[in-house]
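So the chains spell out like this:
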Amino acid sequence: MTTIEQSMAPAGGQHTAPTAGRGVRRLLAALAGLLAAGVALGIAELFAGFIGAASSPVIAVGNAAITLTPESVKQFAISTFGEDDKIALVVGTLVVIAVYALVIGLVGLRSRRLGVAGIAVFGLVGVVAALTRPAGGLFDAVPSLVGAVAGSLALLALLRPLTLPTSSAPHAEPTAGATGTVQPQDGLLGRVRDVLGSGDRKGTGLDRRGFLLTSGVAVGVTAVAGGGGRLLQRRFDVAGARSELALPTPASAAPALPAGADLSASVEGLTPLFTDNREFYRVDTAITVPQIRPAEYSLELTGMFDTPRTYSLDDLLGRSDLIERDITLTCVSNEVGGGLAGTARWLGVPLGAFLRENGVRDTSDQLVCRSVDGMTIGAPTRSALDVPDAMLALAMNGEPLPVEHGFPVRMLIPGLYGYVSACKWITGIEATTYDAFDAYWTERDWAAQGPIKVASRIDTPAPLRRFPAGRRAIAGVAWAQTRGIGLVEVKVDDGDWLPAELSPEVDADLWRQWVLPFDFTPGSHSVTVRATSEDGELQTDARATPFPNGSSGWHQIVVVAS
């Protein structure tokens, strides 16, 4: 060896990987963790295709996150993302998984045991989330378990090309067994021992081509398994069965609308009297929409009933007392001026009559309504009995309930926020008491009973919008379900309160549109609206957040005339 060669050789005669090589190795190891997580999720999705979408680890963990998230954070998510809050949750869950997977890849480069343990923890979280959800079953744990096994094998396979022995490293020699035959150390058992070895792998060789090939296989498995799982999950879809469902004629139809009932036809930007099903707000905790086949549906009555029984969907559709009503629904999460309110024409079973014929007892003050996904909604029994238009809804705007809005049956009680009245995908009603049971939202410190507050909203002009000075319509909607709206007043800047024109009153459960033409001078203007119910209650100007019993305050915007 020359002097120069000797000076370049490390002590012990072994070569160390350059710093740049170690950096590449770490980068590829992190990528290996990410790809292994992809394989785990893809395989899990494939098995969820046989069991049900809710058993997917991402969905199960997302549902658990919703349950464990503080109410202030939930409210922030709804106010920030609106109806896209569930998409934001899933994306957030995937981001957390991705970061975790990158770390697992780096850990696995140094210690196979810790890398596999990290993926095992990932699978365990999915298993616990699947088993502890209200409607969870034993089989719901299978996707997370199988996904964790697949992810562990993928991680080991992906890390192997990053930790090959260098050419100068001593090779293990075959050893003689007890029988005297040669036992190669690179047999299956030897390979497993080598792969799970926890020694520091710095200084070993790097097979980039092998890693690229293994990565391609991992990407393919992720795509095929994940895509196949999604396709398999479509077999649970009930859209076809829903479209074939024939709706009966109601015994009591909704009142006919008077001429000119919808002012939005003549006022640009004003909310229509009725909300299209595709645009109706949706706020619930279901990341995946429950799919219930009409032929398999049943509604079970339990608890304080003299004659509890179970009803099929045909039983409900075949009743002779079905009613049709125009009702505005409002979410308790709606901020002042927010859009979480909408109106539809509903068809359903009159709830009061339905409860009485089954002998609901006077000692019951709460109906615990259970959804197929395990959600519980606590509704006041007295409201269910006494509010005339309360119903078990079967149809919405002339068609069977959309799947996203509770198909095939949901409850609604006008005058109450949805969190205490509008149970979607309802499969059970238990007559009980508030002392005996706390429903989902009550457990999270929302008010046990949530009457809707008098509210009004400015739809047009839009906030901070610039428009030509002169006469322009100020318009919006106002609601006070079960009581009706008697007066809407508008104030511009520091002027007097001016009464607005109201749309014809159709029903106290239906919101009313209002319009006020106003001559705007050039400049910035503050516009405020307030409403008064038919029974004389003035909308309060006291500002309150939605938690714990609904927002309040006058809606005020700033516009600019030029």
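Up top is the structure these notes are about.
Definitions and cut-offs
Residues numbered from 1 in each chain as written. Predicted model: local features only at pLDDT ≥ 70, side-chain atom pairs only at ≥ 80, totals over all residues. Heavy atoms only, no water. Helix = DSSP H or I, 4+ residues; strand = E, 2+ residues; numbered from the N terminus. Expected span 1.5 Å × (residues − 1). Buried < 20%, exposed > 50% of the residue type's maximum accessible area, 1.4 Å probe, protein only. Pairing = 2+ DSSP bridges. Axes fitted to C-alpha atoms, helices over the stretch in contact; angles between N-to-C directions. Phe/Tyr/Trp six-rings, centres within 6.5 Å; stacked < 30°, edge-to-face > 60°. Lys NZ or Arg CZ within 6 Å of the ring centre and 35° of its normal.

A separate point is helix α3 (residues 57-68). Think of an α-helix as 3.6 residues a turn; residues three or four steps apart then line up on the same face. An ideal rise of 1.5 Å per residue puts 16 Å on twelve residues; α3 measures up with 16 Å between its terminal C-alpha atoms. Turning to α3, its buried residues are P57, V58, I59, A60, G62, N63 and I66.

Now for the sheet that holds strand β12 (residues 426-432). Two modes of strand pairing occur in sheets, parallel and antiparallel, and in both the strands are linked by backbone hydrogen bonds. Spatial ordering of the open sheet is given by β4-β3-β12-β7-β8, a layout of five strands whose pairing is mixed. Every interior strand has two partners, whereas the edge strands, β4 (310-312) and β8 (376-380), have only one. On average, adjacent strands in this sheet sit at an angle of 20° to one another, irrespective of strand direction. Relative to β12, strand β7 (residues 366-371) runs antiparallel, the two sharing six bridges. Residue C369 lies in a different strand from β12, and its bridge partner there is I429.

Next up on the list: the packing of aromatic side chains. For any pair of aromatic rings, geometry is given as the distance between the ring centres together with the angle between the planes. Evaluation of the coordinates by the stated rule reveals eleven aromatic pairs. Note on Y311 and F354: the rings are 4.8 Å apart at their centroids and 55° apart in plane angle, and the pair reads as tilted. Of this pair, Y311 sits in strand β4 while F354 sits in helix α12 (residues 351-357), placing them 43 residues apart in sequence. When sorted by exposure, Y311 lands in the same class as F354, which is buried. With a centroid separation of 4.8 Å and 85° between ring planes, the pair formed by Y440 and W441 is classed as edge-to-face. With respect to burial, Y440 and W441 carry one shared label: buried. One aromatic cluster is present, built from ring pairs that chain together Y419, Y440, W441, W446 and F547. Its end group placed over the ring of Y440, R444 keeps NZ or CZ at 3.7 Å from the ring centre. The ring of F467 has R472 lying over it, and the distance from NZ or CZ to the ring centre is 4.8 Å.

Burial within strand β19 (residues 512-520) is extensive, with seven of its nine residues counted as buried. Pairing analysis gives nine bridges linking strand β15 (residues 470-479) to β19, with the strands arranged antiparallel. Note that in β19 the partner of A478 across the bridge is R512. Relative to β19, strand β18 (residues 501-502) is paired through two bridges, and the arrangement is antiparallel. Paired with E501 across the bridge in β19 is V515.

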